Amino acid sequence: QVQLVESGGGLVQPGSSLRLSCTASGNIFSIYAISWYRQAPGMQREWVAHSIATGVPTYAASVKGRFTISRDNAKNTAYLQMNSLKPEDTAVYYCNAGIRTIGGQENNFWGQGTQVTVSS
């Protein structure tokens, strides 16, 4: 069994920063990819950022230059540093991880989401 748990969301003012965390636990051998998505009320879930074990992270145009994805492999944790937040960043943020289990299976997992609200 593998679980992903996000944390770090909250209510902040425009221009503020937040750091989201996504921690994987369970039968994990390695995490080969991490993505962050978000879903605003009444909108489809949209991709925000992506990181693979080797390679340069990629970002949606709407967050490039403001958001940074990073990983701590020793802790099986990924982060999304969000700076210069705007009201349009308000959404539930989800992490998605491509995980190779100790048994050798590769599967994709989603976290439960964490709410980010940017409002004055």
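Figured I'd write up the structure that's included with this text. (Residues numbered from 1 in each chain as written. Predicted model: local features only at pLDDT ≥ 70, side-chain atom pairs only at ≥ 80, totals over all residues. Heavy atoms only, no water.)

## A word on the overall build of the chain
So the rule is basically this: Elements are defined by DSSP. Helices are runs of H or I of four residues or more, strands are runs of E of two residues or more, and each kind is numbered from the N terminus. Taken over C-alpha atoms, the radius of gyration is set against a globule rule of 2.2 Å times the number of residues to the power 0.38. Only heavy atoms matter for contacts: two residues are in contact if any of them lie within 4.5 Å across the pair. When charges are counted, Lys and Arg contribute as positive and Asp and Glu as negative, whereas His and the chain ends are disregarded. Charged side chains are reduced to one point each, which is NZ for Lys, CZ for Arg, CG for Asp and CD for Glu.
When helices and strands are counted, the chain shows 0 helices and 11 strands. Tracing the chain from N to C terminus, the helices and strands come up as β-β-β-β-β-β-β-β-β-β-β. Here the C-alpha atoms of the chain give a radius of gyration of 14 Å, agreeing with the 14 Å that 2.2 N^0.38 yields for 120 residues. The contacts of the chain with a sequence gap of at least 6 include a subset with a gap of at least 24, amounting to 57%. Positive and negative side-chain charges in the chain, numbering 9 and 6 respectively, have mean positions lying 4 Å apart.

## Considerations on the pairing of strand 7 (residues 67-72)
Defined as follows: At least two DSSP bridges between two strands are needed for those strands to be called paired.
When strand 7 meets strand 8 (residues 77-82), the two strands line up antiparallel, connected through 6 bridges. Counted as the bridge partner of Ile-69 is Leu-80 from strand 8. Between strand 7 and strand 8, which pair antiparallel in sequence order, lie 4 residues; one of them, Asn-76, sits at a positive phi of approximately 50°.

## Observations concerning the pairing of strand 11 (residues 114-118)
The criterion, for reference: Here the term buried applies to any residue with accessible area under 20% of the maximum for its type, exposed to any over 50%, and partly exposed to those in between, with areas from a 1.4 Å probe on protein chains only.
The alternating pattern of strand 11 places Thr-114, Val-116 and Val-118 on a buried face, while none of Gln-115 and Thr-117, on the opposite face, is buried. Where strand 2 (residues 10-12) and strand 11 come together, 3 bridges link them in parallel fashion. The residue bridging Val-12 from the neighbouring strand is Val-118, located in strand 11.

## Quick word on the nonpolar core
The condition that has to hold: What we call a nonpolar core is a set of buried Ala, Val, Leu, Ile, Met, Phe, Trp, Tyr and Cys residues that are connected through their side-chain atoms within 4.5 Å.
If you look at the biggest cluster of nonpolar residues, it comprises 30 residues, and the most contacted ones within it are Trp-36, Leu-80, Met-82, Tyr-93 and Ile-99. Only strand 1 (2-7), strand 3 (18-26), strand 4 (28-39), strand 5 (46-52), strand 7, strand 8, strand 9 (91-101) and strand 11 provide two or more residues apiece to this core. Apart from residues no more than four positions distant in its own chain, Leu-80 is found in contact with Leu-18, Arg-19, Leu-20, Trp-36, Val-48, Ala-49, Phe-67, Thr-68, Ile-69 and Tyr-93.

## A look at the pattern of salt bridges
Stated formally: Here a salt bridge means any side-chain nitrogen of Lys or Arg lying within 4 Å of a carboxyl oxygen belonging to Asp or Glu.
Tallied over the full model, the rule gives 4 salt bridges. A salt bridge links Glu-46 to Arg-38, with the shortest nitrogen-to-oxygen separation between them at 2.6 Å. Since its relative accessible area comes to 35%, Glu-46 is described here as partly exposed. For Asp-89, the salt bridge goes to Arg-66, with nearest N and O atoms at 2.8 Å. Here Arg-66 lies in the loop between strand 6 (58-59) and strand 7 and Asp-89 lies in the loop between strand 8 and strand 9, a separation of 23 residues in the sequence.

## Focus: the side chain of Arg-38
Just so we agree on the cut-off: As used in this structure description, the phrase polar contact means that two N or O atoms lie within 3.5 Å; if the pair is within protein, one of them must be able to donate a hydrogen and the other to accept it, and residues adjacent in sequence are counted only when both atoms belong to side chains.
Relative to the helices and strands, Arg-38 resides in strand 4. A distance of 2.6 Å separates polar atoms of two side chains, one belonging to Arg-38 and the other to Glu-46. Within polar-contact distance, the side chain of Arg-38 engages the side chain of Ser-62 at 3.4 Å. Once you skip the residues sitting within four places of it in the chain, Arg-38 turns out to touch Gln-44, Arg-45, Glu-46, Val-48, Ser-62, Val-63, Phe-67, Glu-88, Asp-89, Ala-91, Val-92 and Tyr-93.

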